[in-house]
Structures are given as structure tokens and as C-alpha cells.
Amino acid sequence: MKIELYNGVFFMMVATMTAVGILLWLLLRRLPQEKRRKGMLLLCAALIILFVVYRLLQSQDDRYLEYYGLEVYNWWEALPLHLCYVSLFLMPLGIIKRWKVLLGFCFYITPLGAMMTLVFPDPLFVGCSLFEPSAFCFYLLHCLLAISGILLAPLGFFRPNFRAIWSSLALLFILAAIMHVVNRIMQHTVCPHANYFYTCDTVGISLLELFWNLIPIPWVYEIPILSIPFVYMMIITVPFILVDRYRNKNRYGKNGGKEIEDHSDPIG
């Protein structure tokens, strides 16, 4: 079952992961607050384990070593410092500490990053069998990352709002700048090809190459890409704002024109 962009296998994977996301929501939504929190933390733990398994399989994958011209696998390049993978730790930290900045980032940026990785994947994982071990873990990991981030809103951990858009974009910008510095330090010490957040090289990813051709300057070429998450974040936030306003209007009208405080117990 070879997976190509928009072929039958690709859409089957998307449909299956969508069903998994809906099932997880149905299983968790009616649980008490604390059990819901534990359920999400278990999902985060499973993602971390899956990431480790993925990297172990990748380290033994001759195709990977040959494609990137490596004699041995460099574990310094396999740290969880890419855009999607930083959420492996930011998400559980946000859930435990109830830090809305982290939860907003994981809701807005993590699913978008994971979905863009699926739509613009590493060329190594295009045209191969979906059930090739490292490819299977790659696709499964990014699908579950997208699902876990999206679930933060319907499960009550985070409520999308316009202020959270700006804080999430600011955190994204800061992380990209930090990773570029990390890349430069590692390139001169332990890892000549360090490229977290893809600030130094597009590695053949078509979307990144498009912006690199416009601005061939490391890290700087990614700045215009911020327009993509901004538009996406606005689109998915507006429905939540409209629903909140509708609920507040009804609440206000049913109480003699006096607005009452919302005593619901959101987790986030």
C-alpha cells in the first residue's frame, strides 16, 4: 500500500484518523474533569513513546541513511525540537499547569504543523509503503499530534479567542528564533546538519522551497510563512467567538436583562 499525496491510501489514512479523533472525543467528553485530564496526559505519554519508537526505527533505516548521505545516524538531529515535536512536552506541561499560552500554541500551531507535514511530507516518506515501520510511525505520530491538539478545545482545556492568536504567533516566532540559534551552535559543535524548525535548509519540502526561492536567507525566509497560521487561526477562532456571543446573549436575555457569570468549570 504505497502512500502518495492525495491517493487512495492517503485519504484512507485521513478518514481513519478522523474516526479515531471522534472516538477519543466521545470517550473523554463525558468523563469528570480530573479523569479527562488524566486521559489527555496518557495520550501525551503515548505520543512521547511513539516518538522514541519512531526515532529508533529511523536510526536503523538504511533508506534514511542513504537518502541523507549519512554513514551513521546522528542522534543530535533526532531531538524533539521540531515544530510538531516540541508539543510533546509543551502540551502535557500546559495541561498540568493550566498555562493558556502553551495550550493555545498546542491547539493552534500543533495541528497545523502536523497537517502541513502530512500534506508536504519529507520526500523520503512519499511513494513508500504505509506499513514500512518508520513511515508508519511517521504518519501515525503526526496524525495523533493533530488530533491531540484539536481535542484541547472540545474537551474544555482551551477556549479559542483572538488574544490567544497573537500569543501563539509570538511563541512560534520566539521558538523559531531560539531554534535557529540552537542550530548554529550545534552546527559548529556536535551536529553539522542541525536544522530544527527547518531554519537552515528546506530538505526538499515543496512549501519551504517556495519561500526559500523568494527569500534565500536562513530563518528569515520563514517569516512570511507566519501568514499561513494567522489566516488558519482566524478562520477556526471566529466560530467559537460567534457561539460564545450567542450563548452570552441568550444567558443575558433569560435573566431579565442582567448578564450572569459563567459558572461552568472549564479545565483550561
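Residues numbered from 1 in each chain as written. Predicted model: local features only at pLDDT ≥ 70, side-chain atom pairs only at ≥ 80, totals over all residues. Heavy atoms only, no water.

Caption draft 1: Highlighting the packing of aromatic side chains. This structure, assessed with the given rule, holds 20 aromatic pairs. When the centroid spacing of 4.4 Å and the interplanar angle of 15° are considered together, the rings of Phe 125 and Phe 138 count as stacked. Pair noted here: Phe 125 is in the loop between helix H5 (100–119) and helix H6 (133–151) and Phe 138 is in helix H6, with a separation of 13 residues, a long-range link. According to the relative accessible area criterion, Phe 138 is buried, its value standing at 4%. A connected cluster of aromatic rings, assembled from ring pairs, spans Tyr 64, Tyr 67, Tyr 68, Tyr 73 and Trp 75. (Phe/Tyr/Trp six-rings, centres within 6.5 Å; stacked < 30°, edge-to-face > 60°. Helix = DSSP H or I, 4+ residues; strand = E, 2+ residues; numbered from the N terminus. Buried < 20%, exposed > 50% of the residue type's maximum accessible area, 1.4 Å probe, protein only.)

Caption draft 2: Seen up close, empty space enclosed by the protein. The final tally for this structure, using the stated rule, is one cavity of 30 Å³ or more. As a volume, the largest cavity reaches approximately 40 Å³. Of the residues assigned to the lining of the largest cavity, the class counts are seven nonpolar, no polar and one charged. (1 Å grid on protein atoms, 1.4 Å probe; cavity = no way out; pocket = protein on both sides within 12 Å on 5 of 7 lines; lining within 4 Å. Points joined across faces, edges and corners; volume = space filled by probe spheres on them. Nonpolar A, V, L, I, M, F, W, Y, C, P; charged D, E, K, R; others polar.)

Caption draft 3: Region of the structure containing the confidence of the model for the protein chain. A residue-level look at the protein chain finds 94% of positions with pLDDT of 70 or above and a mean pLDDT of 91. This model gives residues 259–268 a pLDDT under 50, and the stretch forms 18 contacts once residues within four places in sequence are excluded. (pLDDT = per-residue confidence, 0-100. Contact = heavy atoms within 4.5 Å.)

Caption draft 4: Geometry of the side chain of His 142. Tracing the backbone through its elements, the reader meets His 142 in helix H6. A polar contact is formed between the side chain of His 142 and the side chain of Tyr 85, at a distance of 3.5 Å. Not counting residues within four places of it along the chain, the set of residues in contact with His 142 comprises Cys 84, Tyr 85, Ala 114, Thr 117 and Leu 118. (Polar contact = N/O pair within 3.5 Å; in protein donor to acceptor, adjacent residues only side chain to side chain.)

Caption draft 5: Seen up close, the pattern of salt bridges. With the rule as written, the count across this model stands at three salt bridges. Across the pair Arg 37 and Glu 34 runs a salt bridge, and its minimum N-O distance is 3.8 Å. Of this pair, Arg 37 and Glu 34 are both found in helix H2 (residues 33–59), three residues apart, which corresponds to roughly one turn of the helix. Residue class for Glu 34 comes out partly exposed when judged on its relative accessible area of 43%. (Salt bridge = Lys/Arg side-chain N within 4 Å of Asp/Glu carboxyl O.)

Caption draft 6: Region of interest: helix H8 (residues 206–214). Within H8, the full set of buried residues consists of Leu 207, Leu 208 and Phe 211. Viewed along the axis of H8, the buried residues span an arc of 95°, placing them on a single side of the element. (Arc of directions from axis to C-beta.)

Caption draft 7: How the structure looks around the nonpolar core. Core analysis: the largest hydrophobic core is formed by 70 residues, its most contacted members being Met 40 and Leu 152. By size, the runner-up hydrophobic cluster in this structure holds six residues, among which are Ile 205, Leu 208, Tyr 221 and Ile 225. (Core = buried A, V, L, I, M, F, W, Y, C linked by side-chain atoms within 4.5 Å.)

Caption draft 8: Fine view of helix H4 (residues 87–97). Turning to H4, its buried residues number three or more, namely Ser 87, Leu 88, Leu 90, Met 91, Pro 92, Gly 94 and Ile 95. Tucked inside the fold, the buried residues of H4 contact H2, H5, H6 and helix H7 (162–187). Remark: Arg 98 follows H4 within two positions and exhibits a positive phi of approximately 60°.

Caption draft 9: Expanded view of the packing of H5 against H6. As a packed pair, H5 and H6 sit with axes 8 Å apart at the nearest point and diverge in direction by 155°. Relative to H6, H5 is oriented roughly antiparallel. Where H5 crosses over H6, the handedness of that crossing is left-handed. In this structure, H5 uses Cys 106, Phe 107, Thr 110, Pro 111, Ala 114, Met 115, Thr 117 and Leu 118 to contact H6, whose residues at the interface are Phe 138, Tyr 139, His 142, Cys 143, Leu 145, Ala 146, Gly 149 and Ile 150. Across the contact of H5 with H6, the residue classes tally to twelve nonpolar, four polar and no charged. (Axes fitted to C-alpha atoms, helices over the stretch in contact; angles between N-to-C directions. Parallel < 35°, antiparallel > 145°, perpendicular 65-115°, else oblique. Left-handed = near helix turned anticlockwise from the far one by under 90°.)

Caption draft 10: Highlighting the layout of surface pockets. By volume, the largest pocket amounts to about 1100 Å³. In terms of lining residues, the largest pocket is bounded by 46 residues, among which His 82, Phe 197, Tyr 198, Ile 205 and Leu 208 are the most central. It is H5 that provides the largest number of residues to the lining of the largest pocket, a total of five residues.

Caption draft 11: A look at the environment of Ala 135. By secondary structure assignment, the location of Ala 135 is in helix H6. Considered as a pair, Ala 135 and Leu 124 are eleven residues apart in the sequence and their alpha carbons are 8.6 Å apart. Among residues more than four places away in sequence, those in contact with Ala 135 are Phe 125, Cys 128, Ser 129 and Leu 130.

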